[in-house]
Amino acid sequence: MRIIIFTLLISITFTLSAQRVCSSYDYRENQLSNNLSLENSLNAIENFVQGKTNSRAMNVAGKPHTGSIIKIPVVVHILYNKAHENISDERIYNQIKVLNERFRRLHADTVNTPQWYKSIAADCGIEFQLATSDPQQRGTKGITRKYTPVSQWNTDDKVKFSSSAGSDAWDPESYLNIWVCNLGGIAGYSGFPGGPPENDGIVIAYSVFGENTRGGYQMGKTAVHEVGHWLGLRHIWGDSYCGDDWVSDTPKQANFTSGCPSGIRSSCNNGPNGDMYMNYMDLTQDACTNLFTEGQKERMRIFFEVGGARRSLLSSKGLLPPLTGDVPPTDGLPEWNQPKLFPNPAVNEITLDLSYDYRWIGNIITITNAQGQFFMQVSINTKTVKINLDKLSSGIYFLVAKRQDGASINHKFIKL
């Protein structure tokens, strides 16, 4: 029987009640069905983790972490189409703070952990820090910013590639890549240990990144949940009815938990303490989640052991002092977010400014008259295209261009 491996993507959708709904299973099964070698690789990784888990006793529970601290270099890629999506450095710093407080169990909301679970609530000994050196060992704040012509992304991973107007990952063996963008109705999704390296990392909607005003998501815990997946944790209900999350100290649970409940809620004959809906790996609203368990801590840390899928991060140069100057800044928001044709009317030349969307480069402009008669074609080789009109008679013309993705330009202009 196949070991069900959670490769990529936990996508979380917003509803009017701020309920998170996961749709990862179909995507995961599709990835595995199309890539037998990936399935074999992930099965081997899980066997490694289970072997380590079964070969030793649980650490002393509920106590501050006393072993080595795992420090993970982070790069945050901001992809924005509109100015308000270009979130501030301060909000990014805040999200890193939220991650550290939750993974180290340092936040005040730990007092909300039920008494019967406090003995297994874990300080995971894992910390996150924005990178100080990029892959070329240039100085960096651990933040990249890039205008994108894409107004909304989904879970197809195109946001992770410059070729599709996203942002290329930094070496995933040395950095945790976090992409922040407009995910529309999705809160976030994550890759997992052993998945395709070019897709490794997590993607978070800008509206729920860091502390924010989004009801149910306002405490920045979406990133905590997704980083949990990136470090090898499953949903607490095991992605099936009374499923297995491969952690011994989390009780069986029928399904995800809606809203922000209180009291004991029992399912799957899980005993007097009931569901652990306050665990970060449930889909409960931010205000009601407050712990990882010792078993989850152990599972996450195994990936950093010799032979583990996250081991290379321990030798990353991402937190070392840089050897050279800072990373050059990326292009800022263009002056307009649509094709700009000027002057109009024109005498000898018109200019088509496509700086808002470099994906037009490599396409063709066609100029016709009002009757549809063809007059000229011009290749788009740069973001700003100058077109000589000397061969055109005075009159009304149409400039047309189309892309394979369905985008089109249709401008009327007058030649004097």
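(A) Up close: the state of the cysteines. For the structure shown, the criterion picks out 2 disulfides. The disulfide partner of C242 is C268, and the S-S distance across this bridge is 1.9 Å. Because the torsion about its S-S bond is -90 degrees, the bridge between C242 and C268 counts as left-handed. Here C268 lies in the loop between α4 (221-230) and α5 (294-302) and C242 lies in the loop between α4 and α5, a separation of 26 residues in the sequence. The exposure class of C242 is partly exposed, given its relative accessible area of 22%.

(B) Geometry of the confidence of the model for the chain. In this model, the chain carries an average pLDDT of 88, and 90% of its residues clear a pLDDT of 70 or more. Under a pLDDT of 50 for its full length, residues 1-23 has, in the predicted model, 111 contacts with residues more than four places off or in other chains.

(C) The side chain of T293, seen in detail. Looking at the element boundaries, T293 is found in the loop between α4 and α5. Among all residues touching T293, those that are not within four sequence positions of it are I120, A122, V247, D249, T250, M276 and N279.

(D) Focus on the sheet that holds strand β16 (residues 395-402). A sheet is described by the order of its strands in space; here 4 strands give the open sequence β14-β13-β16-β17, paired in antiparallel fashion. Of all strands in the sheet, those with a lone pairing partner are β14 (374-379) and β17 (408-415), marking the two edges. Here the strands of the sheet are splayed against their neighbours by 20 degrees on average, with no regard to which way each runs. In the sheet, β16 pairs with β17 via 8 bridges, with the strands oriented antiparallel. Each residue of the ladder has a partner; that of V400, found in β17, is N410.

(E) Just unusual backbone geometry, in detail. In this chain, F342 is followed by P343 through a cis amide linkage whose omega measures -15 degrees. Mapped onto the fold, P343 is located in the loop between β11 (340-342) and β12 (349-353). In this chain, N344 is followed by P345 through a cis amide linkage whose omega measures 10 degrees. Here P345 lies in the loop between β11 and β12. In the Ramachandran plot, C242 falls in the positive-phi region, its phi being about 55 degrees despite a non-glycine side chain. At W246, a position not held by glycine, the phi torsion is positive, near 65 degrees. Relative accessible area serves as the criterion here: at 17%, W246 is assigned to the buried category.

(F) Highlighting α4. Most of α4 sits inside the fold, with 10 of its 10 residues counted as buried. Regarding α4, the residues found buried are K221, T222, A223, V224, H225, E226, V227, G228, H229 and W230. G232, located one to two residues past α4, shows a positive phi value of around 100 degrees.

(G) Up close: the packing of aromatic side chains. Considering all chains together, one arrives at 9 aromatic pairs under this definition. Considering the side-chain rings of F375 and Y397, the 5.5 Å spacing of their centres and the 85 degrees angle between planes classify their relative orientation as edge-to-face. In this pair, F375 is assigned in strand β14 and Y397 in strand β16, connecting sequence segments 22 residues apart. Put simply, the rings of F103, F128, Y280 and F292 touch in pairs and so form one group of aromatic residues. Here R310 stacks its cationic end above the ring of W230, 4.0 Å away from the centre of that ring. The ring of W360 has R403 lying over it, and the distance from NZ or CZ to the ring centre is 4.7 Å.

Cut-offs applied
Residues numbered from 1 in each chain as written. Predicted model: local features only at pLDDT ≥ 70, side-chain atom pairs only at ≥ 80, totals over all residues. Heavy atoms only, no water. Disulfide = S-S within 2.5 Å. Helix = DSSP H or I, 4+ residues; strand = E, 2+ residues; numbered from the N terminus. Buried < 20%, exposed > 50% of the residue type's maximum accessible area, 1.4 Å probe, protein only. pLDDT = per-residue confidence, 0-100. Contact = heavy atoms within 4.5 Å. Pairing = 2+ DSSP bridges. Axes fitted to C-alpha atoms, helices over the stretch in contact; angles between N-to-C directions. Phe/Tyr/Trp six-rings, centres within 6.5 Å; stacked < 30°, edge-to-face > 60°. Lys NZ or Arg CZ within 6 Å of the ring centre and 35° of its normal.

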